[in-house]
Amino acid sequence: MKHVLTAVILLIGISTYGQIKIEGVVKDSIGNPLELANVIAINQETNKLDSYGITNDQGRYKLSLEKNTSYKVQVSYIGMKTAEVAVATKEESVTRDFVLESDNTLDEVELIYEMPVTVKGDTLIYNADSFNTGTERKLEDVLKNLPGVEINADGQVEVEGKVVNKVMVEGKDFFDGDSKLATKNIPANAVDKVQVLKNYAEVGQLSGVQNNQDNIALNIKLKEGKDNFWFGNVTGGGGVSAADQALYLAQAKLFYYSKKMSVNVITDANNLGEIAFSRRDYFNFGGGFNRAPSQNNGTNISLGNNGLGFLNLQNDRAKEINSRFGAANFSYSPNDKLDITGFAIYTGNKIELQENNSIVYTDPELDIPDEQTESRTTQRSDLGAIKLATTYKKNANNQLDYEILGRMSQETQEQKFFSSVLGNTNQNEDINPFSINQRFNYYYTLNDTNIFAFEAQHLWSDEDPFYNALIEDKDSYENAGNFLGLDPNQVNYVVNQERRVKTNQIDAKVDYWNILNDKSNINFTLGTIYSNQKFNSRIFQTLDNGSEFNNQPNNNSPENDIDYTFSDVYLGVHYRVKLGIFTLTPGFTAHTYSARNNQFGVSFTDNFVRLLPDFNARIQLKKSEQITFDYRMVTQFTDVNQLAEGLVLNNYNAFFSGNQQLESALAHNLSLNYFSFNMFNYTNVFARISYTKNIDRIRTASTFQENSVVRVSSPFNSNFADETFNAFGRFQRSFGKLRASANASFTYGKFNQFISTSNDPDNLTRSVNESFTQNYGLELRSNFKEAPNFEIGYDYRIQNNDQGSQTTRFYTGTPRAEIDILLWKSLTLRSEYQYTSLSDPDRTLNSFDFWDASLAYRKDPDANWEFELKATNLLNTQSQANTNAGGLSVSATEYFIQPRFVTFRVIYNL
């Protein structure tokens, strides 16, 4: 680490050596400082833009220039005449002030170069070519170069520490605004400008009456000549792996944009582990800013997760991955009033996973044995979605939206599982669900002081998961078999479960805003949520002769037949006022709740009224510096799965029995955010703290079979509060062509866990589980135009878990480095290396590293053909490791991954 720090200091020193500063103040003709004025310095000899800056709130600017060089300095500001002076630098820094005159005509001095960054109100505009180095291939590469913009670990774009919710191209939604599809597929050579739209309002009529500070959108402006023509690229390739596996890759990314029509087509098929669109991407897709109407009304009702218990990929790696993806998106505007958009998406994956786990259970006093497991899993998923949407704007005062989204899928998971406690088990799961989601919105502005909005959403879904387990070691499973009421006179235990969950939900509200004056308004909301879920399930045993045996578990029904209805009628009042730098929005929502479920001829109803306050405050310290505070009280309701009292198999060793009389929980949520983006010294600071306290939260009591890891869990409303505290901070600063970042986060969680054994199921042992997780990160990256670029970083994690009498601590250190070199303007060399060490206080548990590299040839930036040689996992690392702390146990996992791949690719650019 000492050598890394030395290298960083040397690089910063080299980048600043031989430079001097020119600084000063920009004012208007009456002496007022001009904030966000643009200042650029053009080298007279090379005719290139050497430096740029933007004035701060005091009108100050600062540029770094070469010594003994002649420059032309231009200063511009909207509505002012552009000033231009010649500056000849010597050995010492220069001070030069500017006074700009008002001008209602075009600037007298033509700007030769565009500003790399321009600020216009809440819009930040980056000129892509000012930051590109020539090695960029997709939008993601462009965004990484931009100050203040980050790509997080999930591939999402972040600005000001907030995830970008929508990406548009030429003002048209790109695949419903999905950021990951945009960053991974839009070609870099098509990008002219990146517009960051802060405080973005999906509906222009509501921009002045809503708090949109968390809404950030990107709009990609295309280069001249990219409109009215197809552009994009087609890629084909193949190769071999260290395991002598034949590899293939076929991709097409095609785009068309005109004033009235846009079409985007993306296809991908490969067995390289390069997943174009994962299951997580699929289920997170289709959002943008289109939240449920009741999103902020204080009610949180869960509809449950009835999918398969798919194992998650770690960093998009697995032992084997075969991926298929196809998607098409269109937008059509026949006139200025009507927009029609839609997309169709298919993603299919076959994934082989292998992992070994070492599991230590929470409380050793209960004689729960530690467990070593090995699993081999095959996952197959075919997921599809289709959406059609239309927006009609009769005029500036009327907007009508309608959209319909359908989803359908077919998924299976086959797992061969070995447990040191329970022996060998084969598990098979499959599901074929579908859903239809419709949305209807109407926005009407009566006059300057009265605005109305109606929003409604309807969801209909049908899910049918099926579970099958073949347990080979009957002796180890004897107690569980007796509990399930299985027939022991069989060679093996074969247990099955059918489930069916149907959901029908309506979410609608009417909003009215009265504009009291130019600084305040009052909002009244009348809304409702109506939800109905029907849940049926059946457990049965398959005998050796293939017949079905309707086993009867002890003290539980093997079947479920439950009808659950929830309704919420609410009235909300919120007042929004601007007082100097403060924008305050206090309010409350009054709710009338009704939750009723009926099962086995018995009904339970929970009716009550609750007042939920909320408060939001924004302090605008400067145009680019603000503090926000948010508090809200939330009522949380569960889903039908938690209420069904008949036995359900979550897994062959984890059974679940619901509780018909569960009640709602109450949560207090607080958050405080600080953000500053200082263009004067290129400093970006973001900090966030949040705290949540849950009262009457639904917890589970787990009863373990004697000397076994088989357990039965049941939910109940805990009398003990659970708490979560999060703190995160990031500091970023540019030094010439170098950008340094430091971040830190701290997470503390306290929750209550209840465990017993089958010997004494009524005697619950309560343990207060506390987790402390610290993350620290350092990064330095360069952005040289004509020199090799690099990125180096170090991430360190401390994970501490106190679970009852069990305490664990793990340390994870990850240094990483990346180089990006453009050779002779035609060869692009890229290489990435990452090393990870996992340890506890006594020893190193595991260490592994990854090295990827690629070499691409393109005759020039405008060439149609490109050839690339790419190698992944060059060191042929076989597995990676991580740790995980759950409510009942702590585990260390060895996770196996794909071997070394070497491929040759041919890319044709349209």
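Note that the coordinates shown come from a computational prediction; the quantities given were computed from them, not determined experimentally. (Residues numbered from 1 in each chain as written. Predicted model: local features only at pLDDT ≥ 70, side-chain atom pairs only at ≥ 80, totals over all residues. Heavy atoms only, no water.)

1. Digging into the overall build of the protein
Right, so step 1: The secondary structure content of the protein amounts to 6 helices and 53 strands.
Right, so step 2: Here the C-alpha coordinates of the protein stretch approximately 95 × 70 × 55 Å along the principal axes.
Right, so step 3: Out of the 910 residues belonging to the protein, those deemed buried represent 50%.
Right, so step 4: Once local pairs closer than 6 in sequence are excluded, the contacts in the protein between residues at least 24 apart make up 67%.
Right, so step 5: For the protein, the exposed surface amounts to about 40,700 Å²; the carbon and sulfur share of it is 51%.
Right, so step 6: Computing the positive centroid from 84 side-chain charges and the negative centroid from 109, the protein places the two 7 Å apart. (Helix = DSSP H or I, 4+ residues; strand = E, 2+ residues; numbered from the N terminus. Buried < 20%, exposed > 50% of the residue type's maximum accessible area, 1.4 Å probe, protein only. Contact = heavy atoms within 4.5 Å. Areas by Shrake-Rupley, 256 points an atom, 1.4 Å probe, with all protein chains shown as cover. Lys, Arg positive; Asp, Glu negative; His and termini not counted. Charge placed at Lys NZ, Arg CZ, Asp CG, Glu CD.)

2. Points about the nonpolar core
Right, so step 1: In this structure, Tyr 126, Leu 143, Phe 174, Phe 175, Leu 181 and Ile 345 are the most contacted members of the largest nonpolar core, which totals 55 residues.
Right, so step 2: Among the elements that take part in this core, strand 17 (residues 216–222) stands out by supplying 4 residues, more than any other.
Right, so step 3: Listed in part, the 27 residues of the second largest apolar core include Leu 422, Tyr 467, Val 709 and Val 712. (Core = buried A, V, L, I, M, F, W, Y, C linked by side-chain atoms within 4.5 Å.)

3. Let's talk about the sheet that holds strand 5 (residues 70–76)
Right, so step 1: Spatial ordering of the open sheet is given by 3-2-5-6, a layout of 4 strands whose pairing is antiparallel. Single-partner strands in this sheet number two, and they are strand 3 (49–54) and strand 6 (83–88). Ignoring which end each strand starts from, the neighbouring axes of this sheet average 20 degrees apart.
Right, so step 2: Pairing between strand 2 (residues 38–43) and strand 5: 6 bridges, direction antiparallel. Within strand 5, the position partnered with Asn 43 by the bridge is Tyr 71. (Pairing = 2+ DSSP bridges. Axes fitted to C-alpha atoms, helices over the stretch in contact; angles between N-to-C directions.)

4. Examining the confidence of the model for the protein
Right, so step 1: For the protein, per-residue confidence averages 87 on the pLDDT scale, and 94% of positions sit at 70 or higher.
Right, so step 2: Under a pLDDT of 50 for its full length, residues 106–110 has, in the predicted model, 8 contacts with residues more than four places off or in other chains. (pLDDT = per-residue confidence, 0-100.)

5. A short note on a nonpolar patch on the surface
Right, so step 1: A cluster of nonpolar side chains, namely Trp 230, Val 234, Leu 855, Tyr 857, Trp 865, Phe 867, Leu 869, Val 902, Phe 904, Tyr 908 and Leu 910, defines an oily patch on the protein surface of about 980 Å² accessible area.
Right, so step 2: Residue assignment for the nonpolar patch shows that the elements contributing at least two residues are strand 18 (230–241), strand 49 (844–857), strand 50 (865–872) and strand 53 (901–909).
Right, so step 3: By secondary structure assignment, the location of Leu 869 is in strand 50.
Right, so step 4: What makes Leu 869 partly exposed here is its relative accessible area of 46%. (Patch = residues over 30% accessible without salt bridge, like charges linked within 9 Å, V, L, I, M, F, W, Y side chains within 5 Å. Salt bridge = Lys/Arg side-chain N within 4 Å of Asp/Glu carboxyl O.)

6. Some remarks on empty space enclosed by the protein
Right, so step 1: All chains considered together, the criterion is met by 5 cavities of 30 Å³ or more.
Right, so step 2: A volume near 100 Å³ is recorded for the largest cavity.
Right, so step 3: Together, 13 residues line the largest cavity, and Tyr 564, Ala 595, Phe 637, Leu 643 and Leu 662 are the ones closest to its centre.
Right, so step 4: When its residues are assigned to classes, the lining of the largest cavity shows 6 nonpolar, 4 polar and 3 charged.
Right, so step 5: Empty space within the second largest cavity amounts to approximately 40 Å³.
Right, so step 6: Sorting the residues of the lining of the second largest cavity by element identifies strand 10 (123–127) and strand 39 (665–678) as the ones contributing at least two each. (1 Å grid on protein atoms, 1.4 Å probe; cavity = no way out; pocket = protein on both sides within 12 Å on 5 of 7 lines; lining within 4 Å. Points joined across faces, edges and corners; volume = space filled by probe spheres on them. Nonpolar A, V, L, I, M, F, W, Y, C, P; charged D, E, K, R; others polar.)

7. Structural notes on the pairing of strand 52 (residues 889–896)
Right, so step 1: Of all 8 residues in strand 52, 6 are buried, a share of seventy percent or more.
Right, so step 2: Both strand 23 (residues 338–361) and strand 52 contribute to a ladder of 7 bridges, which runs antiparallel. Bridged to Tyr 361 within strand 52 is Ser 889.

8. Overview of the sheet that holds strand 14 (residues 166–169)
Right, so step 1: One open sheet accounts for 6 strands, arranged 9-10-16-17-14-15; its pairing is mixed. Edge positions in the sheet fall to strand 9 (117–120) and strand 15 (172–173), since each of these pairs with one other strand and no more.
Right, so step 2: In terms of strand pairing, strand 14 meets strand 17 through 4 bridges, oriented parallel. Looking across to strand 17, one finds that Lys 166 is bridged to Ala 217.

9. Here we look at the pattern of salt bridges
Right, so step 1: Across all of its chains, the model carries 37 salt bridges by this definition.
Right, so step 2: The salt bridge partner of Glu 414 is Arg 380, with a shortest N-O separation of 3.4 Å. Placement of Glu 414 in strand 25 (residues 398–419) and of Arg 380 in strand 24 (residues 371–395) is noted, with a sequence separation of 34 residues between them.
Right, so step 3: Look at Glu 414 and you get partly exposed, because its relative accessible area is 36%.
Right, so step 4: Two residues, Arg 538 and Glu 498, come together in a salt bridge whose shortest N-O distance is 3.5 Å. Within this pair, whereas Arg 538 is found in strand 31 (residues 520–542), its partner Glu 498 is found in strand 30 (residues 493–517), the two being separated by 40 residues in sequence.
Right, so step 5: For Glu 498, a relative accessible area of 34% gives the class partly exposed.

10. Overview of the side chain of Lys 474
Right, so step 1: Here Lys 474 lies in the loop between strand 29 (466–471) and helix 5 (478–484).
Right, so step 2: Despite being buried, Lys 474 has no salt bridge partner; Asp 475 is the closest side chain of opposite charge, sitting 6.9 Å away.
Right, so step 3: Reaching out from Lys 474, the side chain makes a polar contact with the backbone oxygen of Gln 490 at a distance of 2.5 Å.
Right, so step 4: The residues contacting Lys 474, other than those within four sequence positions of it, are Pro 488, Asn 489, Gln 490, Val 491, Asn 492 and Tyr 493. (Polar contact = N/O pair within 3.5 Å; in protein donor to acceptor, adjacent residues only side chain to side chain.)

11. So, the packing of aromatic side chains
Right, so step 1: Per the counting criterion, the structure on display carries 29 aromatic pairs.
Right, so step 2: Between the aromatic rings of Tyr 512 and Phe 524, the centroid separation amounts to 6.5 Å while the plane-to-plane angle is 15 degrees, which identifies the pairing as stacked. Highlighted residues: Tyr 512 in strand 30 and Phe 524 in strand 31, separated in sequence by 12 residues.
Right, so step 3: The class of Phe 524 is partly exposed, set by a relative accessible area of 35%.
Right, so step 4: Considering the side-chain rings of Tyr 593 and Phe 608, the 5.1 Å spacing of their centres and the 45 degrees angle between planes classify their relative orientation as tilted. With a gap of 15 residues between them, Tyr 593 in strand 34 (residues 582–599) and Phe 608 in strand 35 (residues 602–622) connect regions that are remote in the sequence.
Right, so step 5: Note on Tyr 593: relative accessible area 1%, which makes it buried.
Right, so step 6: Through pairs of rings, three or more aromatic residues link up here, namely Phe 174, Phe 175, Phe 231, Phe 255 and Tyr 257.
Right, so step 7: In this structure, Arg 317 is placed above the aromatic ring of Phe 850, and the distance from its NZ or CZ to the ring centre is 3.8 Å.
Right, so step 8: In this structure, Lys 474 is placed above the aromatic ring of Tyr 493, and the distance from its NZ or CZ to the ring centre is 5.6 Å. (Phe/Tyr/Trp six-rings, centres within 6.5 Å; stacked < 30°, edge-to-face > 60°. Lys NZ or Arg CZ within 6 Å of the ring centre and 35° of its normal.)

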